[in-house]
Structure formats: structure tokens, C-alpha cells
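Single-letter residue listing:
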Amino acid sequence: MTKNNIINKEFKAEIKAGIPEVLPELLALDMDVSHAPKRRDILTKEEKKLALKNALRYFDPKHHVVLAPEFADELQKYGRIYMYRFRPSYTIHARSIHEYPHYTKQAAAIMLMIQNNLDYAIAQHPEELITYGGNGAVFQNWAQYRLVMQYLSEMTDEQTLVMYSGHPMGLFPSHKDAPRVVVSNGMMIPNYSKQDDWERFNALGVTQYGQMTAGSFMYIGPQGIVHGTTLTVLNGGRKMLKEGETDLRGKLFLTSGLGGMSGAQPKAGNIAGVITVCAEINPKATWKRHEQGWVDEVISDLDELATRVRKAKNDKEIVSIAYDGNIVDVWEHFDTANIYIDLGSDQTSLHNPWAGGYYPVGLSLEESNEMMTEKPDLFREKVQESLRRQMATIDKHTAKGTYFFDYGNAFLLESGRAGADIFKPDGSYKYPSYVQDIMGPMFFDYGFGPFRWVCTSGNPDDLAKTDKIAANVLQRIANQSPKVIKSQMEDNIHWIREAGKNKLVVGSQARILYADAEGRMEIAEAFNQAIKQGEISAPIVLGRDHHDVSGTDSPYRETSNIYDGSSFTADMAIQNVIGDSFRGATWVSIHNGGGVGWGEVVNGGFGMVLDGSNDADRRLKSMLYWDVNNGISRRSWARNEGATFAVKRAMAENPNLKVTLPNLANDDLVNGLFE
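These numbers come from a predicted model, not from an experiment. (Residues numbered from 1 in each chain as written. Predicted model: local features only at pLDDT ≥ 70, side-chain atom pairs only at ≥ 80, totals over all residues. Heavy atoms only, no water.)

1. Details of the overall build of the chain
Heads up, the condition is: Each helix is a run of H or I in the DSSP string that is no shorter than four residues. Each strand is a run of E no shorter than two, and both are numbered from the N terminus. Each radius of gyration is computed over the set of C-alpha atoms, and the globule rule expresses the reference value as 2.2 Å times the number of residues to the power 0.38. Exposure categories follow from relative accessible area, calculated using a 1.4 Å probe and restricted to protein chains: below 20% of the type maximum is buried, above 50% is exposed, and the middle band is partly exposed. Throughout, the Shrake-Rupley method with a 1.4 Å probe supplies accessible areas, and for residues the shown protein chains are the sole cover considered. We treat Lys and Arg as the positive residues and Asp and Glu as the negative residues; His and chain ends play no part in the count. The atoms used to mark charge sites are NZ of Lys, CZ of Arg, CG of Asp and CD of Glu.
Within the chain one finds 22 helices and 17 strands. Relative to the globule expectation of 26 Å for 675 residues, the C-alpha radius of gyration of the chain, 24 Å, shows essentially globular dimensions. Expressed as a percentage of its 675 residues, the buried residues of the chain come to 62%. In the form shown here, the chain has an accessible surface area of approximately 26200 Å², with 51% of it arising from carbon and sulfur atoms. For the chain, the separation between the mean place of its 72 positive charges and that of its 84 negative charges on side chains is 3 Å.

2. Comments concerning the packing of helix α7 (residues 223-238) against helix α8 (residues 264-272)
Rules: Here the axes come from fitting lines to C-alpha atoms, over the contacting stretch only for helices, and the angles between their N-to-C directions go from 0 to 180 degrees. We call two directions roughly parallel when the angle between them is under 35 degrees, roughly antiparallel when it is over 145, roughly perpendicular when it lies between 65 and 115, and oblique otherwise. Left-handed describes a crossing whose near helix is turned anticlockwise from the far helix through less than a right angle; right-handed describes the clockwise counterpart. Contacts are residue-level and defined by heavy atoms, with any inter-residue pair within 4.5 Å sufficient. Any residue outside Ala, Val, Leu, Ile, Met, Phe, Trp, Tyr, Cys, Pro, Asp, Glu, Lys and Arg is labelled polar, Gly included; the first ten of those are nonpolar and the last four are charged.
Close contact between α7 and α8 brings their axes to 8 Å; oriented N to C, the two are set at 50°. Taken together, the axis directions place α7 and α8 in an arrangement best described as oblique. Crossing hand, α7 versus α8: right-handed. Facing α7, whose interface residues are Ile225, Val226, Thr229, Thr230, Val233 and Leu234, α8 presents Ala264, Gln265, Lys267, Ala268, Ile271 and Ala272. Residue classes in the contact of α7 with α8 are distributed as eight nonpolar, three polar and one charged.

3. A short note on α8
Along α8, seven of the nine residues are buried, which leaves the element largely enclosed by surrounding structure. Of the residues making up α8, those classed as buried are Ala264, Gln265, Pro266, Lys267, Ala268, Gly269 and Ala272. In the core, the buried residues of α8 are packed alongside α7, β6 (252-256), β7 (275-280) and β9 (319-324). With its phi angle positive at about 95°, Gly273 sits one or two positions after the end of α8.

4. Some points on the nonpolar core
Soluble globular proteins: nonpolar side chains tend toward being buried together. What counts is decided by this rule: As used in this record, nonpolar core signifies buried Ala, Val, Leu, Ile, Met, Phe, Trp, Tyr and Cys residues forming a set joined through side-chain atoms within 4.5 Å.
Ranked by internal contacts, the top residues of the largest apolar core, which has 143 residues, are Phe71, Ile114, Tyr145, Leu152, Trp453 and Leu542. Ile321, Phe334, Ile339 and Tyr359 belong to the second-largest nonpolar core, a separate cluster that totals 48 residues.

5. A closer look at the environment of Gln208
The condition is simple: Any N or O atom pair separated by 3.5 Å or less is treated as a polar contact, with the protein-specific requirement of one donor-capable and one acceptor-capable atom, and with residues adjacent in sequence counted only for side-chain atom pairs.
Relative to the helices and strands, Gln208 resides in the loop between α6 (195-204) and α7. Since its relative accessible area comes to 1%, Gln208 is described here as buried. A C-alpha to C-alpha distance of 5.3 Å links Gln208 and Ser165, two positions 43 residues apart in sequence. Excluding its chain neighbours within four sequence positions, the residues that come into contact with Gln208 are Ala137, Val138, Phe139, Gln140, Ser165, Gly166, Asn185, Gly186, Trp198, Asn202 and Trp598. A distance of 3.1 Å separates a polar atom in the side chain of Gln208 from the backbone nitrogen of Gln140.

6. Considerations on the sheet that holds strand β8 (residues 297-299)
The line we're drawing: We treat two strands as partners when DSSP finds at least two bridges between them.
With respect to topology, six strands assemble into an open sheet ordered β8-β9-β7-β6-β10-β11, the strand pairing being parallel. Each edge of the sheet is formed by a strand with only one pairing partner; in this case those strands are β8 and β11 (403-404). Where β6 and β7 come together, five bridges link them in parallel fashion. Bridging from a neighbouring strand, Ser256 pairs with Ala279 of β7.

7. Brief notes about unusual backbone geometry
Residue Ala410 is not a glycine yet carries a positive backbone phi of 75°. One non-glycine residue, Arg639, adopts positive backbone phi at about 75°. On the secondary structure map, Arg639 appears in the loop between α20 (614-637) and α21 (641-653).

8. Digging into a nonpolar patch on the surface
Stated precisely, the cut-off is as follows: Patch membership is restricted to residues that have no salt bridge and whose relative accessible area is over 30%. Joining uses 9 Å for like charges and 5 Å for the nonpolar side chains Val, Leu, Ile, Met, Phe, Trp and Tyr. Salt bridges are defined as contacts in which a side-chain nitrogen from Lys or Arg sits within 4 Å of a carboxyl oxygen from Asp or Glu.
On the surface, Met187, Ile574, Ile578 and Phe582 cluster together into a nonpolar patch covering about 380 Å² of accessible area. Turning to its location among the elements, Met187 is positioned in the loop between β5 (181-185) and α6. Judged by relative accessible area, Met187 falls into the partly exposed class, the value being 40%.

9. Points about the packing of aromatic side chains
What counts here: Any pair of Phe, Tyr and Trp rings, taking the six-membered ring for Trp, is counted once the centres come within 6.5 Å. Such a pair is stacked with planes under 30 degrees apart, edge-to-face with planes over 60 apart, and tilted for the rest. Any Lys NZ or Arg CZ that is within 6 Å of a ring centre and within 35 degrees of that ring's normal is treated as a charge sitting over the ring.
Counting across every chain of the model gives 27 aromatic pairs. Taken together, a centroid distance of 4.9 Å and an interplanar angle of 85° make the contact between Phe11 and Tyr90 edge-to-face. Highlighted residues: Phe11 in helix α1 (residues 3-17) and Tyr90 in the loop between α3 (64-78) and α4 (105-117), separated in sequence by 79 residues. Taken as a pair, Phe11 and Tyr90 share a single burial class, namely buried. Where Tyr407 meets Tyr434, the ring centres are 4.2 Å apart and the plane angle is 15°; that geometry is what we call stacked. Of the two residues, Tyr407 is situated in the loop between β11 and α14 (411-417) and Tyr434 in helix α15 (residues 434-442); the sequence distance between them amounts to 27 residues. The exposure class of Tyr407 is buried, given its relative accessible area of 3%. Taken together, the aromatic side chains of Phe253, Tyr403, Phe405, Tyr407 and Tyr434 make up a single cluster linked through ring pairs. Across the ring face of Phe11, the terminal group of Arg95 is positioned such that the distance to the ring centre comes to 3.8 Å. Positioned above the aromatic ring of Trp294 is the side chain of Lys267, whose terminal nitrogen or guanidinium carbon lies 5.3 Å from the ring centre.

Pasting the structure below:
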């Protein structure tokens, strides 16, 4: 037996064992990876006892005498019980689907996706099971991870695994067309969905913040948002083009955040053809992205940064530069140095402002981490003071002509709560969300969103074949596309044709591509046929970001261009996940929070395994059609012109689709009644 065979046999045995009978050795933390900051000491003495009992219920009572003091110590040191002792002995990464112990390929595909989310090269805080966003968790603790992997290894195609915020409630009898896994994350009674509620109930071990693709096993590294970020920068930059300019060379894009999803920004800037400066306070995150090739240069001195940017502007370079430091310092220095910023945004994790999502100017990373737990009220003051200062400087730049947009990370929301001058007289924000100005009217309303797929073979050749298939499908569709979506189709075709050259893969062999319902269905059908014919060597997992046409109700991001008053409702996201679940999804998820924050968003996602079968062909046509047209219909009812065009087109092509269309009221008639 070869060494690889022995390793794989041991890997399978450890997965199938679940929580081991014999306690594994307690090993030191890996200090070469980033760790979550200590969480607030928010529980009362009685609640801490409850948290400990909640943790111990995963283990045989014979182990409690060892584990109880150990878990109590973790709660004291870290504010959470992660159960570090139960980290697996094998390396976590997306293996080939054939390496996972399984009875159904659907379960093996889900195991692959879970491990990709926790890959040390991908996850933000892998040993705390945090994929991105500072608190976007796959599981609450390592016992949950081990149990879920065990259940998946035992599952048949007539069982469904039910998961409550990372906790596997169990395998339940179902049927082959039911989802193999149903996930809910952070679903709270509405009155218990404030930030402190997350801190308390997460510390108790009874809920978690799944972000979007973290808790739904659909994260594919920073590539997962890079296409959307490219489209945002590209179309935002086009707003700034002067007469005679045909591209964005020499334009400066200033932003912040390199830790998780935000790590896509420098690569997106390069693809869009701008100069990108992205500030990041955590050196481990900065150098990780640099080593992965997602940012070109790292500079830690402001004067050196200013000199480098001037040269890049003068030479019309396409380059991405990480500033190893605080973003507020950059905004202020570029103001005094008179460096013109064409585009500005922010991707710090302000959905999590008091626990490591935003680091205030004037404090080091270490000082902030200490203050947020030891002096949380003072830290809150520092964060809000920093936001006011950042916003004041942004105002100076926009007065010079900078186009600033909120990137849906709760920047404007938290700046407003901090008392910054960001409101118009009518109470709305004076700066737009990128969804309001760009993604909503140009993409979501027409059904375009972040479709994605993963080649479960792990073979780059399979991914290259899918790129070619997708490009050919889109080109054929584009030849007959209506004029109003021609530019979107052209940008997406260019993206997929160049995807391989841009070296986007980190972890699994995955691809992101904005497509509408027609594009998604035809691409998926072509993939399934290629698998059936043996052109692609293993199943493909389909999915999408929750940040999509239908998947998310978020008044400060995904539904910020909904103006009929319904942007604060969550019917669309709930209906979407229910509809996906009985139309053929392999797994579904629904989350509280994501992007803008706990209590501010309801979002859901899906995964679908294509295996070349007739069943897969039937499911993909049913589910993908609903998954897009649900959102278009809602956006049309909100009187969004592009969505009404899209849904009328969909009804013309499918006689079984009948959508209620809005009638438009006469503004003069309505206004006259209230004068």
C-alpha cells in the first residue's frame, strides 16, 4: 500500500469515527494562521455554567472531568468554546470527491465544500471555524464539524441532514428529490436579533452567524466576489470617464479590507484596469493575499505610498497596492498630499463593528484587540470617532470629484449611527449603495447574479473545459439578446474568456460568473451533458453567492434599490429557499445576517450536484428557473423598470409563468391629494 493510500485510509477512518472514543491530544494553536479576536465577556455566571453544560452534551460523561475545566478555560480566554482539542489530525482542504467516504455522491460533494470553507489557505480564522467577515462561521465548534462529516459519510440518498446553526440535529428519512442537507443559521425571534444578542447566544453555543456563503458551504475564496467587484469598479469607473477616454487606465480606486471577501478588491481592480490602493490593518491578511497573487505590492509608509501612486497615475499603470495600516490615515494623507481619488469605497466588516470588523485609527491591531474585550465601551467610542473622522475626509475628496459608494458592508449605516454627517435633508444617505447605482438597475433587475460552480475532481483541466463551455453558451445567447442587456452579456463573456489567465483559483477548482436565468440553465445543462459523455471527469457543484437577484433581503445592500417600502421585508429570501428545496436543490440554507449584519439581513443559498443523470437535468431546469425569476418578479412588483422588462420576457418564453405586474400611478394625481 502506497503512502498516499495509507493517508487516505486514515483520513476516511477519522471522518467515519466522528467524535473519537479516546480523547485526542490537546495541541497548541497554529500561530502561523490568523485567529479570531477574543470575544466579549458577556455571559453572567449562571449563563457560563449553561454554556459549559451545552458544550459537554456532545461528549460521553466519562470525558467530562477532563473537558469541563478545559472548555471553561476556553470560554474565559476566548469568549467562546471552540473545542480546539477536536481539530482533526488531517489537513483540511478540498480533495477530489472520490477521496471522501460516502454512500451518495451528493454527500461527498458537500463534504468537499465544507472542507474548502475551512481550508487554512482560504478561511480567515480557520481554527475558530470562521471563513470570512470576522464572524462568518461554518460551525460553532469542532465537535459539530466532526459529527456533520460523520453523518455525511453515512448518509443515503433517502435521508436529509438537518442543521441548526452548525449543530447537526440528525439524519431524518426523506426521499431522493429532497435536499440532502437543510441549514439554518442565526434564525432568532425578531426581538432578540441585536448585536449583543448574537454575542450572548453565540457564547452560549446555541446559534451562530453564518454570514452568507460561510454557513452554507459555498465559499470559493476571494474569487467568490471578484467578478461582482470587477463589474462594480468597471461600471463605477465608467461614470468617471471624460470625453475621449475609452478605458480606466490611470484612475485611482481607494478602499480597505483584505481579510476575507474584501481580498477580491485588488484583483478586481487589476481586471478593471485601475490603480487600486487597499488598506489592511492585519499584516497576516495583507501578506497572505500578496503571497496568493491577489495584490501586487505592499507598502507600509504613507509618503512612499503617495510617491508610488503618483508614478502609477503618471504612467497609467494597472497595479494593486496594499497599504499595511489604517484606511483613515490613507484618506487623510491623500487629501493633504493632493492625490486625486477617482473611486472610493470601503470593505471593512462593519456588520461586526465592535468585535474586530473595524479597527479605529490611532490604535494598533493589538491595542484594538485588547480594548474591545477589556474596555468595550471605550472601544465603541473609538470606532465611532474613527468613522466620523473617515467620513469627514471622504467628504473632502468627494467635493473634489471623487465618486464614493457604499459597498454594502454597513459603512454608511454605522457611520450614521456614529453621528457622521452622511444624511440628506430627507433622511436618506448622501452617498449611494453600489446596488442602488450599479448592480441593482444594471444586473439584479435583469436577473444577472453571481452564479458559480466547483469541479469536484479537483482537476484544473475540468475547470478549463467548463470555462470554454460557459463562454460558448453565453456567446450563443448573446447573439440573440435584447439590446438592453448587450453590455452585460459582453462584459460577462469577456470575464469568462479571461478567467483562466487571471489566476483566480484559491482552494477548490471553482469559477464565478454573472449570468441570468437563461444563461445559468443552459450552462448547467451543458455541464451535465459533458459529465454524462465523460468530457468532464466528475460531478460539478452549482451554487451562487447569497448576494443575488432573489437570495437576500437586505435594505442597505441587495434590496437597496427597492423603493416601494418592501425593502425591510424578508418574504423574497424565505420564499426562495423554500422553493429551491422542493425544486431539486442538493442542499439549502437560510441565514439571519450577512454582509450588513445580524438583524439587518435575511439571506439564503443553495448547492446543486450535477452528476450527468437525467434527474440532475430535470432538477436544474426547475430550480434554477425559480431561483432567479422569484427575485425578478418581486423587483418588478416594486416598479423597477428593468425587472418588469425581464419578467415580461420570461413570461413570453414560458407560458406556465404568470406574474402579477404593477400598474403605475400618476404622480400628479397622488401628490395632489396630499397638498
